[in-house]
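Commentary on secondary and tertiary structure
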Amino acid sequence: MSFGAEDRAQLDEIRSHYHNARAASVSVMRWVQRRDGYISDTALQDVAEYLELPAADLEGLATFYNLLFRKPVGNHVIKVCDSVSCWMCGYESVHDRLRNCLGIEYGDTTEDGEFTLLPVVCLGNCDNAPTLMINDDLYDRVSPDAVDSILKAVRGHGGDRG
Amino acid sequence: MLWIRFSKPFAATEEIVAEITPVLTRHIVEGNPPLDFTGYRATGGYEPMRLAVETLSPRKVREIVKESNLRGRGGAGFPTGVKWGFVPQGKDSPRPKYIIANGDEMEPGTFKDRLLIHGNPHQLVESMIITGWALQADIGYIFLRPEYETGAHLLEAAIEEAYAAGFLGDNILGSHWSFELHTHTSAGRYICGEETALLNALEGKRPNPRSRPPYPAIAGLWGKPTIVQNIETLVCLPHIVANGTEWFRRLGLTKDSGTKLYCVSGMVKHPGNYELPIGVTLRELIYEHCGGMRNGHDFKAAIPGGASTMFMTADELDTPLDFTNLEKAGNRLGTAGVIVADQNTSIVGMVLNLMHFFAQESCGWCTPCREGLPWIEGLLRDLVEGRSQKGDLQLLDQEMRIIGPNSFCALALGAEGPLLSALVKFPEEFEAYLENGLDPTTPPEHTAPFATKVES
């Protein structure tokens, strides 16, 4: 299975912003991830074929970056900041509550496929610590008690994965 | 005098609003969408660009930037005009020339570029055009971390409007100069903020840093002359062009020029972004602008410029937060991400958190950093969990001093700052852990009862 004509048109537009195929590889893989939620082995081959690059080179990139996923993720990826300002403002109780509510550890996905929990580097929202990001939305000054309502509000809504 | 307060979560009082004369954040209203093309034009936007392209030679703009004493806001503080002077110019110089806005903001405690990108994308686009003109660049990229994707969309819309107005593309404003501008959204690694790693990232290679020389100004993206600047540095340019170098130099309270966005986080009453004249003291920043420490909390220490800078203690509260004075004090302004710790914050816990960050974000290219930082993190973890032996503190100090200078790039040197300064300034805290370990977690405290969702 490779990219269809419609896909190729979108990818060509992405490709046009770069000097060569290699430079476009991260953006093309991000496009795949928006479509599929992650980059499957098949999709990696498709990208390699489209960009005429060795799949191993793309694999090297995909595994280097924190937010390119080579495994399936949930509909919503919860990115919890684990950097210093959030730590100082008490992230541990928030993180504990998240793990308890979801019944998973960092890096795992809930059985119903709704949530993946990932610790991430400083989200640049330190004045609102502790903070987390779900899909593209930031949540400010999250308390442990707010975790339930956040999950309830997000659950069931179609996510923009990754 | 200008006193600029910019803090999202707390509504500024009317008195404070009345005093505001911001420069870089002037047209940013938190919660409102950023100005579109028409709105930005109505504030006088793109006029400095017009002034530059129509009346000032590229050489003249470069001279203005040099005279303004603008220093890089991304962490290193290198004089922008000097860096620009390294770019080969003239008919026979290599082409294309590139300029890159570094918006891979991932330094813990730093959140100024997010505000500038999301709050006023046209200001950044205009800044890129002015920089492009000054350096006679052909292609520009705005490099963003993936969590700022909303910002990328805002910038793409702004870029489209600028193309439609003839401010980007071929023969800009009737000149012989053509310039194209793109955004690139990365996929998340701290090392991409290091300028040579960023070049590899943009080329689609594994983003390890490159050896220098050659410097990017001579041989950068695909071997062509390339200038990489932090977002905040760039957005100073329209204002320097419009108001002159003397005005810009006078904005600073000390020898350094301009305003500075101080990102204050931690245990102060009103954390937030504060655009202030560069050179305010730590005391003024915390007690006059941020409303002091949270009720019931006392100041213990602060890190002035993101994760890679050194601890400051109460006896350093009167140090001006600028490049020159902090360098004199053996510290660095870094990104001006000021992280303020209170009396309950464990310095050892803080250093452990920072070391975890550095160990995780080491790109793995060179052995001292890849192997050394996780090992240091392990020593610190042993310490807080009660597994340390006498002599481990000396070991921490000794090994950290070996790792930093023997690493390929500055990442591990950055990790050195907080650890070595904490060992000197808070030895008793480390020693306390030697006995039997302690829980380094600070008690959580939340100033707002509910989490609020904000558009990123």
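Rules used throughout
- Residues numbered from 1 in each chain as written.
- Chains lettered and ligands numbered in written order.
- Predicted model: local features only at pLDDT ≥ 70, side-chain atom pairs only at ≥ 80, totals over all residues.
- Helix = DSSP H or I, 4+ residues; strand = E, 2+ residues; numbered from the N terminus.
- Buried ≥ 20, exposed ≤ 12 C-beta atoms within 10 Å, placed from the backbone.
- Contact = placed C-beta atoms within 7 Å.
- Expected span 1.5 Å × (residues − 1).
- Arc of directions from axis to C-beta.
- Nonpolar A, V, L, I, M, F, W, Y, C, P; charged D, E, K, R; others polar.
- Pairing = 2+ DSSP bridges.
- Domains from an automatic or database assignment.
- Axes fitted to C-alpha atoms, helices over the stretch in contact; angles between N-to-C directions.
- Parallel < 35°, antiparallel > 145°, perpendicular 65-115°, else oblique.
- Left-handed = near helix turned anticlockwise from the far one by under 90°.
- Core = buried A, V, L, I, M, F, W, Y, C linked by C-beta atoms within 7 Å.

The next subject is the overall build of chain B. A count of helices and strands for chain B gives 19 helices and 10 strands. Along the longest, intermediate and shortest principal axes, the C-alpha atoms of chain B span 75 × 50 × 40 Å. Considering chain B as a whole, with its 456 residues, one finds that 55% of them fall into the buried category.

Below, the discussion takes up the overall build of chain A. Counting secondary structure elements, chain A contains seven helices and four strands. Its helices and strands in sequence order give chain A the pattern α-α-α-α-β-α-α-β-β-β-α, from N to C terminus. Each principal axis of the C-alpha atoms in chain A carries an extent, and together these give about 50 × 30 × 25 Å. Across the 162 residues that make up chain A, the buried fraction comes to 49%. When contacts within chain A are restricted to residue pairs at least 6 apart in sequence, those whose partners lie at least 24 apart make up 61%.

All names here are of chain B. Here helix H8 (residues 149–164) spans 23 Å end to end across 16 residues, near enough to the 22 Å set by a 1.5 Å rise per residue. Among the residues making up H8, those that are buried are Gly-151, Leu-154, Leu-155, Ala-158, Ile-159 and Ala-162. One side of H8 carries all its buried residues, which in axial view fall inside an arc of 140°. Following H8 by one or two positions, Gly-166 adopts a phi angle in the positive range, close to 80°.

A word on the interface of chain A and chain B. Each partner contributes to the interface: chain A provides 43 residues, whereas chain B provides 59 residues. Grouping the amino acids of the side of chain A that touches chain B by side-chain chemistry returns 22 nonpolar, 13 polar and eight charged.

With that settled, consider the pairing of strand E2 (residues 139–144) of chain B. All names here are of chain B. Buried residues dominate E2, accounting for six of its six residues. Both faces of E2 are covered, namely the face carrying Ile-139, Tyr-141 and Phe-143 and the face carrying Gly-140, Ile-142 and Leu-144. Here six bridges tie E2 to strand E3 (residues 180–185), and the two strands are oriented parallel to one another. Among the inter-strand pairings, Ile-139 is bridged to a residue of E3, identified as Glu-180.

Now for the domain arrangement of chain B. Residue and element names in this part refer to chain B. In terms of domain boundaries, chain B breaks down into domain 1 (33–244), domain 2 (252–342) and domain 3 (347–436). Relative placement of domain 2 and domain 3: their C-alpha centres are 24 Å apart. Facing nine residues of domain 2, the contacting portion of domain 3 comprises 10 residues. In the side of domain 2 that touches domain 3, the residues fall into six nonpolar, three polar and no charged.

Before going further, it helps to spend a moment on the domain arrangement of chain A. Many analyses report the size of an interface as the accessible area lost when the parts associate. Per the domain assignment, the segments making up chain A are domain 1 (5–64) and domain 2 (76–154). Domain 1 of chain A and domain 2 of chain A are separated by 29 Å when their C-alpha centres are compared.

Another point: the packing of helix H7 (residues 121–135) of chain B against H8 of chain B. All names here are of chain B. Following both chains from N to C, one finds H7 and H8 inclined at 55°, their axes separated by 9 Å at the closest point. Taken together, H7 and H8 sit at an angle that is classed as oblique. Considering the relative orientation of H7 and H8, their crossing is right-handed. Facing H7, whose interface residues are Pro-121, His-122, Leu-124 and Val-125, H8 presents Leu-154, Leu-155, Ala-158, Ile-159 and Ala-162. Of the residues belonging to the contact of H7 with H8, the class tally is eight nonpolar, one polar and no charged.

Turning to unusual backbone geometry, a few remarks are in order. All names here are of chain B. Here the residue pair Arg-95 and Pro-96 is connected by a cis peptide bond, since its omega of -5° sits within 30 degrees of zero. Mapped onto the elements, Pro-96 comes out in the loop between helix H5 (80–85) and strand E1 (98–103). Arg-212 connects to Pro-213 through a cis peptide bond whose omega is -5°. By secondary structure assignment, the location of Pro-213 is in the loop between helix H9 (195–202) and strand E4 (226–230). A positive phi angle, near 50°, is found at Gln-136, a position not held by glycine. A tally of 19 C-beta atoms within 10 Å means that Gln-136 is categorised as partly exposed. For Ala-336, which is not a glycine, the phi torsion comes out positive at approximately 60°. Among the secondary structure elements, Ala-336 is positioned in the loop between helix H14 (323–328) and strand E9 (337–342). Residue classification places Ala-336 among the buried residues on the basis of 29 C-beta atoms within 10 Å.

Another aspect to go through is the sheet that holds E1 of chain B. All names here are of chain B. Spatial ordering of the open sheet is given by E3-E2-E1-E4, a layout of four strands whose pairing is parallel. In this open sheet, the two strands that pair with only one neighbour each are E3 and E4. When the angles between neighbouring strand axes are averaged without regard to direction, this sheet yields 20°.

Time to look at the sheet that holds strand E8 (residues 312–313) of chain B. Residues and elements named next belong to chain B. The strand order E6-E5-E9-E7-E8 describes an open sheet built from five strands, whose pairing is mixed. Among the strands making up the open sheet, the edge pair consists of strand E6 (272–277) and E8. Bridging between strand E5 (residues 259–266) and E6 involves six bridges; their strand directions are antiparallel. Considered in E6, the bridge of Val-264 is made with Gly-272.

All names here are of chain B. Core analysis: the biggest nonpolar cluster contains 181 residues, and Leu-124, Tyr-262, Leu-285, Val-340, Val-351 and Met-355 have the highest contact counts within it. Ranked by residue count, the leading element in this core is helix H15 (residues 347–361), at 10 residues. For Leu-285, the residues in contact, after removing those within four places along its chain, are Tyr-262, Val-264, Tyr-274, Val-280, Cys-290, Leu-321 and Val-338.

Glancing now at the environment of Thr-226 of chain B. All names here are of chain B. Residue placement: Thr-226 occurs in strand E4. Given 28 C-beta atoms within a 10 Å radius, Thr-226 is considered buried. When the C-alpha positions of Thr-226 and Lys-390 are compared, they lie 50 Å apart, and in sequence the two are 164 residues distant. Apart from the residues lying within four places of it in its own chain, the contact partners of Thr-226 are Tyr-98, Ile-100, Leu-199, Pro-216, Ala-217, Gly-220 and Leu-221.

Attention shifts here to the pairing of strand E2 (residues 115–120) of chain A. All names here are of chain A. Burial within E2 is extensive, with five of its six residues counted as buried. The pairing of strand E1 (residues 76–81) with E2 spans six bridges and is classified as parallel. Following the sheet pairing, Lys-79 is matched in E2 by Leu-118.

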